[in-house]
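Structure at a glance
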Amino acid sequence: FLGGLELGLDQWADVGGRILIEEGRRIFTDNGLLREGSSHYHLLATKWYAECWLMARKFDRPEAATLGEIAGRALSISTLFDLPGGLPLIGDISPDCPPDYLAGLANGQQSGWLGTLPEASYRLLSDLSAANLPESLADNSPKDGWIRRDTGPWSMLLHASPDGLSFLPGHGHRDFGSFELHLDGLPLICDIGRGSYSPTGDGDLAAAMHNTLLIDENEPYPVNRPYYDKCFRDYITGSKPEVLLTTDSVDLQTRAFAQLRGVTAWTRTWRLSEDSVTVTDHIEGTGRRHIERHLHTTQPVGEVSDGYRIGAVRLSADGKVNRHLSERWKSYGVSEPATTIVISNDVELPWSSKIRLERDPE
């Protein structure tokens, strides 16, 4: 599309415009969120459509109105990813550019790519975003797979594909029920994205790379395949997950673990207060199971008399707690040190347990 405009090749521009519009309707939700479940790729695709809209206006193209609708929704919903401690990197990181280059699309700052634009173009994009702001991010984004909660000093963003299985085509991360939690402007619990960016196969996309739960080393949802039909997907994953929201809590329930004989529903509940965040897991079923819950952080981790300390927060949980060094990918192929905390339990179902993250009063 852009090449056709710059070179005066109408056939290129016509075909490119049709592809952009048809694909925009497919890859974005009605609210403007990219379906594949990656925060960085959402910003990248938003940049593509914003750039094409600006050029369509410049060349007085008929696609300008529709491209503006797609870009406007994607721009306005991008504020969902504006967490106090920085851009959450949930899902894959694109090799196209560092996430910081696109962070302005979430926080509105005239930096990175936005900083390269002429002032008039930046203002046009700002006005386009403002004209498409949803009435409430909290009410509109859950059905698209993202839930944001801000309570006191805490900010939380969690991802749960509305169909359970990850969207195709996409990057296939099996991070159902994973969350990122910030406190006082710092990332406390973070998403480390992948095991690496080396060719290690499906292990890179495993649920253990995210802040979620495994039963007998089984992930909440299996790998999605493009050749699975709807009937087979429904058979192996059960009904779609359910979400219940209040002003200070999120309840997420799935029956995906019913693929394991004797396991029925898993419910994860987050409750946020001024001083703490509690994550409660409840699993219905029968039989003995090994359960692991994973948390990842770039903050200092140390042992205290009654549990662990993560930065300025005390972590308490039922079960055996271990930790090991890991990496958080902050750009494609560029990582920083992180710590992975694994909470293990050998239990009889039904079972419930809480992870409590309590702000240090000192």
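Here we summarise the structure given alongside this text.

Calculation notes
- Residues numbered from 1 in each chain as written.
- Predicted model: local features only at pLDDT ≥ 70, side-chain atom pairs only at ≥ 80, totals over all residues.
- Heavy atoms only, no water.
- Pairing = 2+ DSSP bridges.
- Helix = DSSP H or I, 4+ residues; strand = E, 2+ residues; numbered from the N terminus.
- Axes fitted to C-alpha atoms, helices over the stretch in contact; angles between N-to-C directions.
- Phe/Tyr/Trp six-rings, centres within 6.5 Å; stacked < 30°, edge-to-face > 60°.
- Buried < 20%, exposed > 50% of the residue type's maximum accessible area, 1.4 Å probe, protein only.
- Salt bridge = Lys/Arg side-chain N within 4 Å of Asp/Glu carboxyl O.
- Contact = heavy atoms within 4.5 Å.

Attention now moves to the sheet that holds strand E2 (residues 154-159). The strand order across the open sheet formed by four strands is E1-E2-E3-E4, and the pairing between neighbours is antiparallel. If you trace the sheet from one side to the other, it starts and ends with strand E1 (146-151) and strand E4 (186-189), each paired once. Between one strand axis and the next, the sheet turns through 20° on average, direction left out of account.

Below, the discussion takes up the packing of aromatic side chains. Going through the model one piece at a time under the given rule, you end up with eight aromatic pairs. Between Phe28 and Tyr49 the ring centres are 5.6 Å apart and the planes differ by 85°, which places this aromatic pair in the edge-to-face class. Taken together, the residues Phe28 in the loop between helix H2 (10-27) and helix H3 (39-58) and Tyr49 in helix H3 connect sequence positions 21 residues apart. Judged by relative accessible area, Phe28 falls into the buried class, the value being 3%. According to the relative accessible area criterion, Tyr49 is buried, its value standing at 3%. A centroid spacing of 5.0 Å and a plane angle of 90° characterise the contact between Phe81 and Trp146, whose relative ring orientation is edge-to-face. Residue Phe81 is found in the loop between helix H4 (64-77) and helix H5 (104-107), and its partner Trp146 is found in strand E1; the two are separated by 65 residues along the sequence.

This paragraph deals with the pairing of E4. Pairing analysis gives three bridges linking strand E3 (residues 178-183) to E4, with the strands arranged antiparallel. Within E4, the position partnered with Leu181 by the bridge is Ile189. Counting the residues between successive antiparallel strands, the hairpin from E3 to E4 contains two residues, one of them, Asp184, with a positive phi of roughly 50°.

Once that is clear, we can look at the pattern of salt bridges. Summed over the entire model, instances satisfying the criterion amount to 17 salt bridges. For Glu22, the salt bridge is made with Arg25, and the minimal N-O distance between the two is 3.2 Å. Here Glu22 pairs with Arg25, and both are found in helix H2, just three residues apart, close to one helical turn. On the accessibility criterion, Glu22 (47% relative accessible area) is partly exposed. Where Asp281 meets Arg293, a salt bridge forms, and the shortest distance between an N and an O atom there is 3.8 Å. Of this pair, Asp281 sits in strand E9 (residues 276-285) while Arg293 sits in strand E10 (residues 288-297); the two residues are 12 residues apart in sequence, bridging distant segments of the chain.

Moving on, we come to the environment of Ser331. Along the chain, the position of Ser331 falls in strand E14 (residues 320-331). You can call Ser331 buried: its relative accessible area is 14%. Between the alpha carbons of Ser331 and Gly3 there is a distance of 28 Å; along the sequence they are 328 residues apart. Once you skip the residues sitting within four places of it in the chain, Ser331 turns out to touch Ile93, Pro98 and Pro99.

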